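Chain by chain, the residues:
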Amino acid sequence: MSILRGKHLIIATLSGFLVLGAGLTANAKVKKADNRPTVVNVALKPSNETDLTNYVYDTVDPNSANFHKYLTPSEFAQKFGQSTNYIAAFKKYLTKYHVKASAYSGNLSIKVTGTKANVNKAFKAKYVNHDKTSYSLPGRLSKQVVAVIGVYASNPKTTKKQSSKEKSAYTKSLSSNVNVPTSGTKPNTALSGNAFSKKYGPAKFANRYQLNTLYNQGLEGQGQRIGLVAHTDFRNSSVKKYWQQVGVNTDTGRLHRIAVAGKQKNVTALSNSQFNMAQVETTLDVESASSVAPKADIDVYIDLAPSGATLNSSAHYTAFMQAISNNADNQISTSFSPGDEAKNGWDDKSANLVQYNHAFNLMLEQAAAQGITVFRAGGDHGPYDEAQAAQTNAVSTSPYQVLVGGTTLPYTRIIHNKLIKVNQERAWGDTYTASPTQLQKGFFPGGGAGGFSTLNPTPRYQAGVPGVNTFRAIQLLKYIGKGLFTINKNPKVITGVSHGRNFPDVSGNADPQTGYATYINGTQPTKKGKKVVRVPYQIWVIGGGTSYTTPQMAGASAVMNSGRSTRIGFWNPQIYKFAQETDSPFNVLADTTSNNLYYTGQPGKIYNQASGLGTINFAKLNAKFNSEGTAN
């Protein structure tokens with residue numbers, strides 16, 4: 001199986017490593033006075049964090065007086081945000097340094113913009129080492145701060161000539177781990193409309209997971225908006241061509257862009273300057289969500305910072321905070337992440353992983369209090385990081401979002417002269433379609449992420465659910481160093497207990513061998529003699545990964561929300577309760593042969609770390625949500 005991999009492009013998504021030498025770049029040249037614009041965020045404490053958490057759970061508890069009493073951002077600010085006086089004091093302080101500060105609606109965070117030199121002066125940023133920058137604020141302001149995200153100071157000893165470590169820090173702020181696994185085959189474009197859609201598109205998803213029942217009721221996402229947090233722009237022409245092929249609404253007026261870390265024209269120009277995997281990722285996110293919910297509007301929050309001075313962590317946080325602050329999207333999805341739950345994979349110099357995780361959780365609690373459902377792709381390498389054998393999870397594993405895992409659909413095919421037969425849907429963990437060359441090189445096609453968060457404890461909605469905090473695993477792969485694995489001839493089965501936020505929550509088809517079509521077009525610069533000319537490209541691929549099924553889940557959420565008078569809201573406490581009822585809307589993948597390259601199903605358990613609660617029957621899930629009260 002061939003894998004399209006683009007790395008070091010722009011933000012961290014969820015896997016892989018291949019450096020594209022001509023990938024997306026921005027102006028990373030550092031002058032003595034760094035006047036590049038940058039975005040920094042100051043995450044603030046809520047007025048009462050315990051009350052906020054309880055309120056979030058109350059909004060989806062039918063027995064609570066606050067059931068479905070979702071807050072507007074202004075109501076959230078009054079109930080849980082910082083005071084307007086405190087915000088005004090922060091703005092006044094920063095203004096002295098010619099830095100602009102504006103509170104996001106909800107008063108839970110402040111967006112700080114200015115030149116990097118002025119921002120560093122405002123925060124009195126000092127270089128500590130290549131991993132840390134110290135900062136300070138007046139005591140009256142610092143008391144309510146959870147984290148200052150995205151401040152970094154250069155090593156003063158290397159102002160004139162950057163050290164290799166400093167250069168790598170700047171490169172990382174522009175880099176991306178973007179993985180789009182493909183099957184190595186192209187879709188049959190001689191098919192069109194419903195036939196193409198059933199084989200490669202939204203109808204395949206809808207038929208498999210009973211969303212078509214809701215289509216038959218006239219629910220197609222009308223009146224809904226889906227927010228997608230992405231790292232590049234995309235082309236309307238790519239999405240329209242895809243829509244035409246699958247036979248859905250082709251009105252590009254429902255596509256909207258919100259650039260959060262740079263001017264839109266600069267973001268578009270940089271995104272379109274070169275073919276790259278980050279743009280493929282954004283495009284497939286838009287195509288997937290918009291085709292599953294063909295009457296919904298799509299808001300794409302783009303966190304690409306053309307100046308190169310904004311760190312991934314701050315840009316990603318900015319996009320989410322802007323989407324939540326806007327409060328226009330009943331569901332938000334992302335296939336991107338600013339890094340891993342590992343210290344050596346973290347790019348923020350002023351906010352460590354614990355601080356950033358706390359800030360992210362609070363932000364997603366605001367989303368939940370407003371009734372917004374958040375979806376995040378789990379990843380495509382099983383529980384492994386590419387560079388080590390240990391489990392490494394993408395940030396964030398927040399319990400206030402739906403973490404999505406991957407499955408493989410049943411299929412029979414000869415691949416690399418081997419008969420491959422998958423009899424029933426199972427967790428995506430592929431050790432069997434690799435070519436002899438790939439096996440020799442220690443490379444495996446992939447699998448859905450899953451396991452236990454190292455940053456977040458087990459949330460209350462998972463407590464007591466059979467399978468949570470226990471696991472069964474099989475050591476299929478042996479780590480041989482340098483990011484490579486080999487197959488264990490006698491793999492050991494391991495059972496035990498662990499702790500932390502268990503994930504994924506739900507799963508859907510993500511195997512490229514049973515995947516979906518994506519179309520992307522544009523122009524690519526190439527040398528012709530002494531001239532550089534732009535050559536057009538048009539690419540159809542069959543791809544996989546949790547970054548397909550995650551925006552599809554957001555699309556399905558929009559379809560369900562289009563039949564309701566109030567938002568569904570925070571899924572997780574509701575779905576874990578439904579999973580334990582007799583008429584569960586989930587198909588549990590509990591077979592011990594169902595694995596994500598490590599974790600397996602546990603017979604008789606409701607939950608397992610290979611596929612979570614399992615796959616969804618959306619007709620049943622919608623009925624369950626409606627039975628709680630709120631439908632029309």
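Residues numbered from 1 in each chain as written. Predicted model: local features only at pLDDT ≥ 70, side-chain atom pairs only at ≥ 80, totals over all residues. Heavy atoms only, no water.

Visitor: Honestly, the confidence of the model for the chain in this entry has me stumped. Any pointers?
Guide: Low pLDDT means the predicted atomic positions in that stretch should not be read closely. Per-residue pLDDT for the chain has a mean of 89; in total, 90% of the residues score no lower than 70. With pLDDT under 50 throughout, residues 1-30 is counted as low confidence; its partners more than four residues away or in other chains account for 143 contacts. Contacts for the low-pLDDT stretch residues 160-177, under 50 throughout, to residues beyond four places or in other chains number 56 contacts. (pLDDT = per-residue confidence, 0-100. Contact = heavy atoms within 4.5 Å.)

Visitor: Got a minute to help me understand the nonpolar core in this structure?
Guide: It is characteristic of soluble globular proteins that their nonpolar side chains tend to be buried jointly. Counting residues in hydrophobic clusters, the biggest one holds 115 residues, and the most contacted among them are Trp571 and Phe618. Take this core: its biggest share by element is 10 residues, from helix 14 (residues 353-369). Setting aside residues no more than four positions away along its own chain, Trp571 makes contact with Thr373, Phe375, Val402, Ser557, Met560, Ile616, Phe618, Leu621 and Phe625. The next biggest cluster of nonpolar side chains, apart from the first, holds 22 residues, and it includes Val40, Val42, Tyr86 and Val119. (Core = buried A, V, L, I, M, F, W, Y, C linked by side-chain atoms within 4.5 Å. Buried < 20%, exposed > 50% of the residue type's maximum accessible area, 1.4 Å probe, protein only. Helix = DSSP H or I, 4+ residues; strand = E, 2+ residues; numbered from the N terminus.)

Visitor: Help me understand the side chain of Gln366, please; the structure alone is not making it clear to me.
Guide: Along the polypeptide, Gln366 turns up in helix 14. For Gln366, a relative accessible area of 0% translates into the label buried. If sequence neighbours within four positions are ignored, Gln366 has contacts with Phe76, Ser105, Gly106, Leu108, Met321 and Ile324.

Visitor: Explanation requested: the packing of aromatic side chains in the structure shown.
Guide: Working definition: an aromatic ring pair is given by the centre-to-centre distance plus the angle between the planes. Scanning the model with the defined rule gives 30 aromatic pairs in all. Aromatic pair Phe452 and Tyr599: ring centres 6.0 Å apart, planes at 70 degrees, arrangement edge-to-face. Here the residue Phe452 occupies a position in strand 22 (residues 451-452), and Tyr599 occupies one in the loop between strand 31 (586-587) and strand 32 (615-616), the gap between them amounting to 147 residues. In this pair, the class of Phe452 matches that of Tyr599, namely buried. With 5.1 Å between their ring centres and 40 degrees between their planes, Tyr461 and Tyr576 make a pair best called tilted. Of this pair, Tyr461 sits in the loop between strand 22 and strand 23 (470-474) while Tyr576 is found in helix 17 (residues 571-579), placing the two residues 115 residues apart along the sequence. Judged on exposure class, the residue Tyr461 and its partner Tyr576 are both buried. Through a chain of ring-to-ring contacts, the aromatic side chains of Tyr57, Tyr400, Tyr461, Phe570, Tyr576 and Tyr607 assemble into a single cluster. The ring of Tyr152 carries the charged tip of Lys116 above its face, separated from the ring centre by 4.3 Å. Directly above the ring of Tyr516 sits Lys204, whose terminal nitrogen or CZ lies 5.5 Å from the centroid. (Phe/Tyr/Trp six-rings, centres within 6.5 Å; stacked < 30°, edge-to-face > 60°. Lys NZ or Arg CZ within 6 Å of the ring centre and 35° of its normal.)

Visitor: I'm lost on the environment of Val119 in this one. Help?
Guide: Here Val119 shows up in helix 4 (residues 116-122). The class for Val119 is buried, based on a relative accessible area of 1%. Along the backbone, Val119 and Thr38 are 81 residues apart, and their C-alpha atoms lie at a distance of 8.0 Å. Excluding residues within four positions of it along the chain, Val119 makes contact with Thr38, Val40, Val99, Val112, Gly114 and Val151.

Visitor: Teacher, can you tell me more about unusual backbone geometry here?
Guide: The bulk of non-glycine residues show a negative phi, and the bulk of peptide bonds are trans. Following Val395, the chain continues into Ser396 via a peptide bond in cis, with omega recorded as 15 degrees. Along the chain, Ser396 falls in the loop between strand 15 (388-391) and strand 16 (402-408). In this structure, His68 takes a positive phi of about 60 degrees despite not being glycine. A positive phi angle, close to 85 degrees, is found at Leu597, a residue other than glycine. Among the secondary structure elements, Leu597 is positioned in the loop between strand 31 and strand 32. Owing to a relative accessible area of 3%, Leu597 belongs among the buried residues under this scheme.

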